[in-house]
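Residues per chain are reported as follows:
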Amino acid sequence: MYAVVDLGGKQIRVSPDEHVRVPKMDAEVGSSVTFDRVYAVRTNGDFAVGTPTVEGAKVVGEVIAHGKADKVLVFKMKRRKFYRRKRGHRQPFTEVKISEIIT
């Protein structure tokens, strides 16, 4: 059983009891979250694709933690001009444990 869900502008395939890192959400650790934008659901051999979403389908999860991803370095340089810029970025995320998929 799995579902394709829109989480923060990204389409992610999720299954029950799976931990997923999604873009940062405004939810407290331990709280329950519901995702209504379900694009496709597969259950017991049945496959439903929405137009654009599957009617009545939703994914329920629990917020496990908030954090930051690994650092990504951005380095710009122009040769022979002594132009060098080094910057780092860490993208914030929310880790969600998928509890169930309701169809």
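Above this text you will find the structure in question.
The sections below set out a description of the structure shown in this document.

Definitions and cut-offs
Residues numbered from 1 in each chain as written. Predicted model: local features only at pLDDT ≥ 70, side-chain atom pairs only at ≥ 80, totals over all residues. Heavy atoms only, no water. Pairing = 2+ DSSP bridges. Helix = DSSP H or I, 4+ residues; strand = E, 2+ residues; numbered from the N terminus. Axes fitted to C-alpha atoms, helices over the stretch in contact; angles between N-to-C directions. 1 Å grid on protein atoms, 1.4 Å probe; cavity = no way out; pocket = protein on both sides within 12 Å on 5 of 7 lines; lining within 4 Å. Points joined across faces, edges and corners; volume = space filled by probe spheres on them. Buried < 20%, exposed > 50% of the residue type's maximum accessible area, 1.4 Å probe, protein only. Phe/Tyr/Trp six-rings, centres within 6.5 Å; stacked < 30°, edge-to-face > 60°. Lys NZ or Arg CZ within 6 Å of the ring centre and 35° of its normal. Polar contact = N/O pair within 3.5 Å; in protein donor to acceptor, adjacent residues only side chain to side chain. Contact = heavy atoms within 4.5 Å.

Overview of the sheet that holds strand S10 (residues 92-102)
- With respect to topology, 4 strands assemble into an open sheet ordered S3-S10-S7-S4, the strand pairing being antiparallel. Every other strand in the sheet has two partners, leaving strand S3 (19-23) and strand S4 (32-35) as the edge strands with one partner each. Neighbour-to-neighbour, the strand axes of the sheet open up by a mean angle of 45 degrees, direction not taken into account.
- Here strand S7 (residues 58-68) runs beside S10; their pairing, made up of 10 bridges, is antiparallel.

Points about the layout of surface pockets
- By volume, the largest pocket is sized at about 150 Å³.
- When contributions to the lining of the largest pocket are tallied by element, the ones reaching two or more residues are strand S2 (10-14), S3 and S10.
- Sort the elements by how many residues they give to the lining of the largest pocket and S3 lands first, with 3 residues.

Concerning the pairing of strand S5 (residues 38-43)
- A large share of S5 lies buried, amounting to 5 of its 6 residues.
- Summarising the sheet, strand S1 (residues 2-7) and S5 pair through 4 bridges and their orientation is antiparallel. Bridged to Val4 within S5 is Ala40.
- Where S5 meets strand S6 (residues 46-49), 4 bridges bridge the pair, whose relative direction is antiparallel. Pairing of Ala40 across the sheet is with Val49, part of S6.
- The turn linking S5 back onto S6 is made up of 2 residues, and Asn44 within it adopts a positive phi angle of 50 degrees.

Topic: the packing of aromatic side chains
- Per the stated rule, a full pass over the model turns up 0 aromatic pairs.
- Between Arg13 and the ring centre of Tyr2, over which it is positioned, the NZ or CZ distance is 3.8 Å.

Observations concerning the side chain of Thr94
- Within the fold, Thr94 resides in strand S10.
- Here Met25 takes part through its backbone nitrogen, which lies 3.0 Å from a polar atom of the side chain of Thr94.
- Residues contacting Thr94, with those up to four places away along its chain left out, are Val20, Arg21, Val22, Pro23, Lys24, Met25, Val63, Ala65 and His66.

Re the sheet that holds S2
- Strand order across the open sheet formed by 4 strands is S2-S1-S5-S6, with antiparallel pairing between neighbours. Each having just a single partner strand, S2 and S6 make up the two edges of the open sheet. Taken pair by pair, the neighbouring strands of this sheet meet at an average axis angle of 15 degrees, ignoring direction.

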